[in-house]
Amino acid sequence: MLQDFKQSLVVSLWFVFLTFPLLVVRVNTIENVVVWRWSNILWVAIGSFVLSYFWRFLLLRRNRRQKQAEEGIASYGPLQAALDNILLRNRAMAVLLVLALIFPLIFDTYQTNIMVTALIFVVLGLGLNIGVGLAGLLDLGYVAFFGVGAYSYAILNYYFDLGFWIVLPIGGILGCLFGIVLGFPILRLRGDYLAIVTLGFGMIFKVMMENWETLSLGPSGIANIDRPGFFGVQMSLAQSTTYIYYIMIALVVLTIIVTNRLKNSRVGRAWIALREDEIACVAMGIDMARTKLSAYALGAFWAGIVGVIFAAKTTFINPASFTFMESAIILSIVVLGGMGSILGVILGAFILVLLPEYLRAFSEYRMLVFGAAMVLMMIFRPQGLISNLRQIYQYKGTKDKTAHD
Amino acid sequence: MTENKHKLLEVKGLTMDFGGLRAVDSVSLAVHEGEIAALIGPNGAGKTTFFNCVTGIYTPTSGDILLHPKGLETRRLNGLKPNKVTEMGLARTFQNIRLFSSMTVLENVMIGRHCRTRSGIFRSIIRNRGVREEEQEIVETSYRLLEKVGLEKFVNEFARNLPYGAQRRLEIARALATDPFLLLLDEPAAGMNPYETSELDQLICRISEEEQIAILLIEHDMKLVMKISNPIYVMEYGKKIAQGSPLDIRDNPKVIEAYLGEEVDA
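Along each chain, numbering runs from 1 in the same order as the chain's sequence is written. All chains are assigned letters beginning with A, and all ligands numbers beginning with 1, in the order in which they are written. At least 70 in pLDDT is required for a residue's local features to be given in this predicted model, at least 80 for side-chain atom pairs to be given and counted, and no such filter applies to totals for whole chains, interfaces and linings, which use all residues. By convention in this description, side-chain values take in all heavy atoms of the structure and omit both hydrogens and water.

### Considerations on the overall build of chain B
Turning to step 1, where the next piece is worked out: Here a strand is any run of E in DSSP of at least two residues, a helix any run of H or I of at least four, and the numbering for each starts at the N terminus. What chain B contains, in helices and strands, is 10 helices and 10 strands.
Turning to step 2, where the next piece is worked out: In terms of principal-axis extent, the alpha carbons of chain B reach across some 75 × 40 × 40 Å.
Turning to step 3, where the next piece is worked out: Every one of the 266 residues in chain B was classed for burial, and the buried ones make up 56%.
Turning to step 4, where the next piece is worked out: The long-range fraction of contacts in chain B, counting pairs at least 24 apart against all pairs at least 6 apart in sequence, stands at 68%.
Turning to step 5, where the next piece is worked out: Per element, the accessible surface of chain B, about 11,900 Å² overall, is 50% carbon and sulfur.
Turning to step 6, where the next piece is worked out: Only four residue types enter the tally: Lys and Arg on the positive side, Asp and Glu on the negative side, with His and both chain ends excluded. Lys charges are placed at NZ, Arg charges at CZ, Asp charges at CG and Glu charges at CD. Put simply, chain B has 33 plus and 37 minus side-chain charges, and the middle of one group is 7 Å from the middle of the other. Three exposure classes are used, based on accessible area relative to the maximum for each residue type with a 1.4 Å probe and protein chains only: buried under 20%, partly exposed in between, and exposed over 50%. Here, two residues are considered to be in contact whenever any of their heavy atoms come within 4.5 Å of each other. The method behind every accessible area is Shrake-Rupley, applied with a 1.4 Å probe, and residues are considered shielded solely by the protein chains displayed.

### Things to note about the pairing of strand β10 (residues 239–244) of chain B
All names here are of chain B.
Turning to step 1, where the next piece is worked out: For strand β9 (residues 232–236) and β10, the ladder comprises 5 bridges, and the chain directions are antiparallel. In the strand pairing of β10, Y233 is matched with Q243.
Turning to step 2, where the next piece is worked out: The antiparallel hairpin formed by β9 and β10 contains 2 residues in its connecting segment, where Y237 sits at a positive phi of about 50°. Whether two strands pair comes down to DSSP finding at least two bridges between them.

### Focus on the interface of chain A and chain B
Turning to step 1, where the next piece is worked out: Listed by partner, the interface residues are 34 residues for chain A and 46 residues for chain B.
Turning to step 2, where the next piece is worked out: Counting each side, the surface lost to burial between chain A and chain B is near 3,700 Å², with a carbon and sulfur contribution of 58%.
Turning to step 3, where the next piece is worked out: Two parts placed together each lose some accessible area under a 1.4 Å probe, and the buried area is that loss summed for both. Contact with chain B buries area across many residues of chain A, yet A:R266, A:M284 and A:Y395 alone supply 23% of it, more than any other trio.
Turning to step 4, where the next piece is worked out: Counted as salt bridges are all cases of a side-chain nitrogen of Lys or Arg within 4 Å of a carboxyl oxygen of Asp or Glu. Applying the counting criterion to the chain A and chain B interface returns 2 salt bridges.
Turning to step 5, where the next piece is worked out: Of the charged contacts in the structure, one is a salt bridge between B:R98 and A:D277, with a shortest N-O distance of 2.8 Å.
Turning to step 6, where the next piece is worked out: Polar contacts, as used here, are pairs of N or O atoms within 3.5 Å; protein pairs need one atom able to donate a hydrogen and one able to accept it. Residues neighboring in sequence count only if both atoms are side-chain atoms. Our enumeration of links across chain A and chain B arrives at 12 residue pairs in polar contact (both at pLDDT 80 or more).
Turning to step 7, where the next piece is worked out: Broken down by secondary-structure element, the contributors of at least two residues to the side of chain A that touches chain B are α10 (237–263), α11 (266–276), α12 (278–283), α13 (288–314) and α17 (398–404) of chain A.
Turning to step 8, where the next piece is worked out: In terms of residues, the side of chain A that touches chain B owes the most to one element, α11(A), which gives 8 residues.
Turning to step 9, where the next piece is worked out: Under the convention adopted here, Pro, Cys and the residues Ala, Val, Leu, Ile, Met, Phe, Trp and Tyr are nonpolar, Asp, Glu, Lys and Arg are charged, and Gly plus all remaining residues are polar. By residue class, the composition of the side of chain A that touches chain B is 16 nonpolar, 7 polar and 11 charged.

### Comments concerning the side chain of A:E278
Turning to step 1, where the next piece is worked out: With respect to the helices, strands and loops of the structure, A:E278 is situated in helix α12.
Turning to step 2, where the next piece is worked out: Once residues within four sequence positions are removed from consideration, A:E278 is found in contact with A:R190, A:M288 and A:K292.

### Re the packing of aromatic side chains
Turning to step 1, where the next piece is worked out: Any Phe, Tyr or Trp ring, taking Trp's six-membered ring, that has another such ring centre within 6.5 Å forms a pair; planes under 30 degrees apart are called stacked, those over 60 apart edge-to-face, and the others tilted. Here the structure, examined in full by the defined rule, presents 24 aromatic pairs over all chains.
Turning to step 2, where the next piece is worked out: With 5.8 Å between their ring centres and 25° between their planes, A:F103 and A:Y245 make a pair best called stacked. Taken as a pair, A:F103 in helix α4 (residues 86–106) and A:Y245 in helix α10 lie far apart in primary sequence, 142 residues in all.
Turning to step 3, where the next piece is worked out: Here A:Y245 falls in the buried class, since its relative accessible area comes to 2%.
Turning to step 4, where the next piece is worked out: Plain terms: the ring middles of A:Y151 and A:F322 are 6.1 Å apart, the flat faces sit at 55° to each other, and that makes the pair tilted. Of the two residues, A:Y151 sits in helix α6 (residues 143–160) while A:F322 sits in the loop between α13 and α14 (324–337), which places them 171 residues apart along the sequence. Both residues of the pair, A:Y151 and A:F322, count as buried.
Turning to step 5, where the next piece is worked out: Definition used: whenever NZ (Lys) or CZ (Arg) falls within 6 Å of the ring centre and also within 35 degrees of the ring normal, the charge is taken to sit over that ring. Stacked on the ring of B:F94, the Lys or Arg B:R98 has its end atom at 5.7 Å from the ring centre.
Turning to step 6, where the next piece is worked out: Seen from the ring of B:F100, B:R174 lies directly overhead, with NZ or CZ sitting 4.8 Å from the centre.

Printed below as a string of structure tokens:
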């Protein structure tokens, strides 16, 4: 306690010393006088002292929690505990679903549009979660699959006038195929090497779309892509946004159901085992190639589908929408939310998409806040906002059986 | 003595080179039905490399690894992938424990059932009755195996939180979940105290008797080896230097030399 106090004091003095030339001394070159702003010292001292002390307190708390976790005392937060309660969870989900369904009726088109973007990132996050969170395959070029979906709709619509609903599955399947194509060369790679290859793939996609003018119309992009049709009904912009919003809600629900079922299935367990220990995994009879490829292909499938919706929503796409920055954000969603945790990923997507949107007032500091938040997150909650919920298995031991006999 | 028993695993002249280093040099051995065979030798003799060749983690430079499952045709294991080898009924554990540490004890064993179950991606998504029944079967079988190795009280614990001896037993349970007819144990007693070791040798004998699973084990604990295994194969510098019953091995001058060093006549 006293130790912390002392150290914080030293830190604040050090800060006073460092900021002295900048914040205290001011040379007025016009009147040739030096202005001494002594009051600033006080503010710097107090501010740095409080921050430093708070920082120490947080670190201490984290260490205590870690120690507890090592000793086997479950350090469940109230949120995590509430999530483990199935009845409560189902009710919360029902409320959320109703809220989601009436959202466009309450808010205006602008808000709905932002929400569609957030939902797109939810699906992207859930898709990447299969590869990164469950199977442990770090993918830095995930946005390429998103681009494959978007471009497949844009190109098929531009050249062949194909409609949204026909291309939607095609986009998913194309994404899937690209996932498998990329999957083969990286079967033997792990960790850093895998990250670099996928990063390269993301780059290749963008460069190709920029330069293959005859196919993709180059950097100027493809405009006037059709919005999704609804039995030939003409819709206004607002109606069409609402329509896309409901399509996205349906897709999100579908993604959640599918990923949740996969996670708790034989296939999902194989993915997790692969993440934990590759050699033990194959020695236990799991086909590594098939498991890795399926994780990749499924992740890419969702990105492809949601890419089609993205193209239909914006009606204009160009290669600049599919940069490394997007990949990084999707990856941050997964990491921030909690690897492998579906709920965490959804929460992460909302935070990372909606916060910058509503923080437009501080647009210059947006990325700064974003970066600081990530750093703090990695220090204090490296497992993500919400850690993975465990599946509960029902089993009747043989002992019970013999007792009945 | 072993002539009338069914031969399960037959290794002929197995050689494994790493560049210029010959880690295993034309080693031959056989494991018969109902046997607990042991492979011993000083550190660096090539025992684990031998295991890795048999289980498909390495592809041997030359030699034959033949598996004769009962009632099925003989299969050559050279160059097969580890998962195929496991599918054929040959399971293993690792010298340095390789559990899936952030999965629960039960889930670890459930992974072992992977190659004996069939639900794919689409069926897992639909989750029809067949899949649910299969899933339940996996859980029940895994739980029974945990009871067998005495870990049922840890069932929902994370594997990394288990005591060391329990982790070793969990590895055995996981290997058993793949329905093997031959179990390869790589130093199952390493790092255990005498009490845990004696529990382990009972477990190994029980597996061998009750489950009709033949066992090949690498071990440094001579007391354990001499007590439960027959025959014993001894390796040194990649070569097999002796084989036979515990009594033969104990008195074999070559083995004594390998372990204690050559006597110098002065």
